[in-house]
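Chain and residue survey
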Amino acid sequence: MDTRPAEDSPARESGSSDFIRSIIDSDNQNGTYQGRVHTRFPPEPNGYLHIGHAKSIVLNFGIAEEYGGKCNLRFDDTNPEKEELEYIESIQQDVRWLGFDWEDRLYYASDYFEQLYQFAERLTAKGLAYVDELSADQIRETRGTPTQAGTDSPYRERPIAENLDLLRRMRDGEFADGSRVLRARIDMAAANINLRDPIMYRIRRVHHPNTGDSWCIYPTYDWAHGQSDWIEGITHSICTLEFENHRPLYDWFLDALEATPPKRPRQIEFARLNLGYTVMSKRRLLELVREGRVSGWDDPRMPTICGMRRRGYTPEAIRSFCRAVGVSKTNSQIDLAMLEFHLREDLNKRAPRVMAVLDPLKVVIENYPEAQVEQIEAQNNPEDPAAGNRTLPFSREIYIEREDFREDPPKKFFRLAPGREVRLKHSYYITCNEVIKDPSSGEVIELRCSYDPQSRGGSTPDGRKVKGTLHWVSAPHAVEAEVRLYDRLFSVANPSDDAQREGVDYRTYLNPESLRIMQSCKVEPSLREATVGTTFQFLRHGYFCVDLQDGSAANLVFNRAVSLRDSWAKIERAEGGQR
RNA sequence: UGGGACGUCGGCAAGCGGUCAAGCCACCGGGUUUUGAUCCCGGCAUUCGGAGGUUCGAAUCCUCCCGUCCCAGCCA
């Protein structure tokens, strides 16, 4: 057995530690599970995975990895009314994409229906379960309230033989849906409502994605979950805080079945991940999809794994975010800035740099030869010399970003303005000589500039400094693209809470500016070859991903995953207040 | 008002009776820079929900109080 002190355990070596890993360390020291660590990720296939699930996935698979254990993927498919094949498939795809491997351990709670049923007969035979004929309403009424005890069902004292007979007939389909249930016989006066004779089986003639029509009774979560953990040899059954109240029941079933260590799972609860300016409940996410408030589960504004993937998030960024967030029992809400930080951190070292002008303003370089085109060498990624170089065409007419020019520049603005000189990234210094406006609207439509032929490459022999460096795209070579700029889906941090407090619907807080589409953007020609799903850094803008759905060579579409940090925006905001 | 849990910096989160209360994000400086990006350097809780108490010594132990979350699905 491993007798190394906790400080040497894999968890400690990797620097991460939390109360769950502490429990595992102490179990390992005590030999509770003979050093075994076996976790599971148990999604219900009734929706798509979101960033909250990612936290659980990273936790469960991560712990297994660190301790040299295993982690199963198990679909908690006990309620066929809401579960679908589509979800079973998408969940596997997302877990895999996140970088985790359940190897040959893909399980379904429904794999255990027969065994669960045998267990149920066992409890019934021990007088620990009974068949109740009260209606759903009657059961609710007799359950009592948090402050007052429930009352026993008139069927509670039925003889064991009769219960067994009735249970078998329930399984055989002799009774109508909802007419009977199997209940654990615990204590109708328990302070913990979950212990007031909880339901183990209900009759539902519903087609199950996995077991088809072979069952008409289905186990409830409480009855199925712990026993499934036990069957799989799970050691640490990690779930979220709302199941804390269920732990006594989880343990009660295991006790009733006489499960003992080293094969007896232990439930541990942690706080689920909450993010601001979005919703995370499957019900609400489903609503947004069904009502067309978003384009689908993979809309880049959604907190779903597939949405984030389409937006340009990487598995690495999501994983490091989940690790950075930590694990505790404190209900908390993580700052979106934290998520964005981890994406930028990852993409900064990997995304090729490229020039894209989102809101083009034409610049004519008057002293540049009419028909000349130069091929300029440009580094693909200053953070990664191995990324190599590419060439960019430069010509007399180029586009620059409209916001990089100000006719009347504010303080601290060091981009282009009349009479000012700036550097064009990788190429020449240009000076603005003339501003051409639309005579009717007064809008600036073109800039006439001159360049310094000595400044090729971005510096001059006289060593003079220019304060601004702009990105640009050669006009005749530019490729047109559509760029989608995303903002938070909701305009308030806690849409659901606010809605409840204000007595309105959470959809009221949907952010009308969560998607801004920029048409006719001008991007450098190398992007013509961009493949779907690739993420680039648009210099001075942010990270953009070629859209999975709508992008094609003929119709380039980019999604903004996240912007670059923008200290000029901060300065401008601060200065603006004083002007 | 029953039961279960949680309250440490703007947001997370270490800390488990003993010099100074980790770290990350955010924020605020300053430096480098052909991205106002990146990178680097520095700042950022005399105080741990509050009040008492135990102790030579408490965020850590005890008592009371306050606040927040979860539970009355034949959902998970």
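Residues numbered from 1 in each chain as written. Chains lettered and ligands numbered in written order. Predicted model: local features only at pLDDT ≥ 70, side-chain atom pairs only at ≥ 80, totals over all residues. Heavy atoms only, no water.

Counting secondary structure elements, chain A contains 15 helices and 25 strands. For chain A, the C-alpha radius of gyration of 31 Å lies well beyond 25 Å, the compact-globule estimate for 579 residues. A principal-axis box enclosing the C-alpha atoms of chain A has dimensions of 100 × 60 × 45 Å. Buried positions account for 53% of the 579 residues belonging to chain A. Looking at chain A alone, contacts between residues at least 24 apart form 71% of all its contacts between residues at least 6 apart. (Helix = DSSP H or I, 4+ residues; strand = E, 2+ residues; numbered from the N terminus. Rg over C-alpha atoms; globule rule 2.2 N^0.38 Å. Buried < 20%, exposed > 50% of the residue type's maximum accessible area, 1.4 Å probe, protein only. Contact = heavy atoms within 4.5 Å.)

Bringing the sheet that holds strand β10 (residues 353-354) into the picture now. Spatially, the seven strands line up as an open sheet ordered β10-β23-β24-β25-β21-β22-β11, and their pairing is mixed. Lying at the two open borders of the sheet, with one neighbouring strand each, are β10 and β11 (356-357). Sheet topology places strand β23 (residues 535-538) next to strand β24 (residues 542-546); four bridges connect them, and they run antiparallel. Of the residues in β24, the one forming a bridge with Phe538 is Gly542. (Pairing = 2+ DSSP bridges.)

Now for the nonpolar core. Judged by nonpolar contacts, the single largest core of 37 residues is most densely connected at Ile51, Ile57, Phe61, Val95, Ile318 and Phe321. Counting only elements with at least two residues in this core, the list comes to α3 (51-66), β2 (70-75), α4 (85-97), α11 (305-311), α12 (315-325), α13 (336-350) and β25 (557-563). Ranked by residues supplied to this core, first place goes to α3 with six residues. The residues that make up this core include at least three from each of domain 1 (10-270) and domain 2 (282-352 + 481-574). Dropping the residues within four chain positions of it, Ile318 is found in contact with Ile51, Ala54, Trp97, Leu98, Met308 and Tyr313. Core analysis: the second largest hydrophobic core is formed by 36 residues, Tyr117, Ala184, Leu257 and Ala259 among them. (Core = buried A, V, L, I, M, F, W, Y, C linked by side-chain atoms within 4.5 Å. Domains from an automatic or database assignment.)

Bringing the domain arrangement of chain A into the picture now. When the domains of chain A are assigned, the result is domain 1 (10-270), domain 2 (282-352 + 481-574) and domain 3 (356-471). Of note, the centres of domain 1 and domain 2, computed from C-alpha atoms alone, are 35 Å apart. Residue-level contacts link 26 residues of domain 1 with 24 residues of domain 2. Of the roughly 2,300 Å² buried at the junction of domain 1 and domain 2 (both faces included), carbon and sulfur atoms supply 69%. The three residues of domain 1 that bury the most area against domain 2 are Tyr48, Ile51 and Trp97, which together make up 30% of that side's buried surface. For the interface between domain 1 and domain 2, the tally reads three salt bridges. (Buried area = accessible area lost by both parts, 1.4 Å probe. Salt bridge = Lys/Arg side-chain N within 4 Å of Asp/Glu carboxyl O.)

This part covers the protein's contact with RNA strand B. The environment of RNA strand B is made up of 67 residues, and the closest members are Arg204, Phe414, Arg415, Gly457 and Ser567. A share of 64% of the atoms of RNA strand B within 4 Å of the protein falls on sugar and phosphate groups. The side chain of Arg353 places a nitrogen or oxygen atom 2.6 Å from a base oxygen of RNA strand B. Those elements giving two or more residues to the surface near RNA strand B turn out to be α6 (136-142), β6 (199-203), α13 and α15 (567-576). A per-class count over the surface near RNA strand B returns 24 nonpolar, 23 polar and 20 charged. (Near = heavy atom within 4 Å. Polar contact = N/O pair within 3.5 Å; in protein donor to acceptor, adjacent residues only side chain to side chain. Nonpolar A, V, L, I, M, F, W, Y, C, P; charged D, E, K, R; others polar.)

Below, the discussion takes up the packing of aromatic side chains. Tallied over the entire structure, the rule returns 22 aromatic pairs. Residues Phe119 and Trp230 carry aromatic rings whose centres are separated by 5.3 Å and whose planes lie at 35° to one another, so their mutual orientation is tilted. Of the two residues, Phe119 is situated in helix α5 (residues 113-125) and Trp230 in helix α8 (residues 221-232); the sequence distance between them amounts to 111 residues. Grouping residues by exposure puts Phe119 and Trp230 together as buried. Ring geometry for Trp252 against Phe253: centres 5.6 Å apart, planes inclined by 75°, an arrangement best described as edge-to-face. Neither Trp252 nor Phe253 differs from the other in exposure class; each is buried. Among the aromatic residues, those joined into a cluster by ring pairs are Tyr368, Phe394, Tyr428, Tyr451 and Trp472. The ring of Tyr117 has Arg171 sitting right over it, with the charged end atom 4.7 Å from the ring centre. Note that Arg488 overlies the ring of Tyr277, its terminal NZ or CZ placed 3.8 Å from the centroid. (Phe/Tyr/Trp six-rings, centres within 6.5 Å; stacked < 30°, edge-to-face > 60°. Lys NZ or Arg CZ within 6 Å of the ring centre and 35° of its normal.)

Turning next to the sheet that holds strand β1 (residues 38-41). Spatial ordering of the open sheet is given by β1-β2-β3, a layout of three strands whose pairing is parallel. The sheet is open, and its two edges are formed by β1 and β3 (106-108), each paired on a single side. For this sheet the average axis-to-axis angle between neighbouring strands, irrespective of direction, equals 35°. Pairing of β1 with β2, which is carried by four bridges, proceeds in the parallel orientation. (Axes fitted to C-alpha atoms, helices over the stretch in contact; angles between N-to-C directions.)

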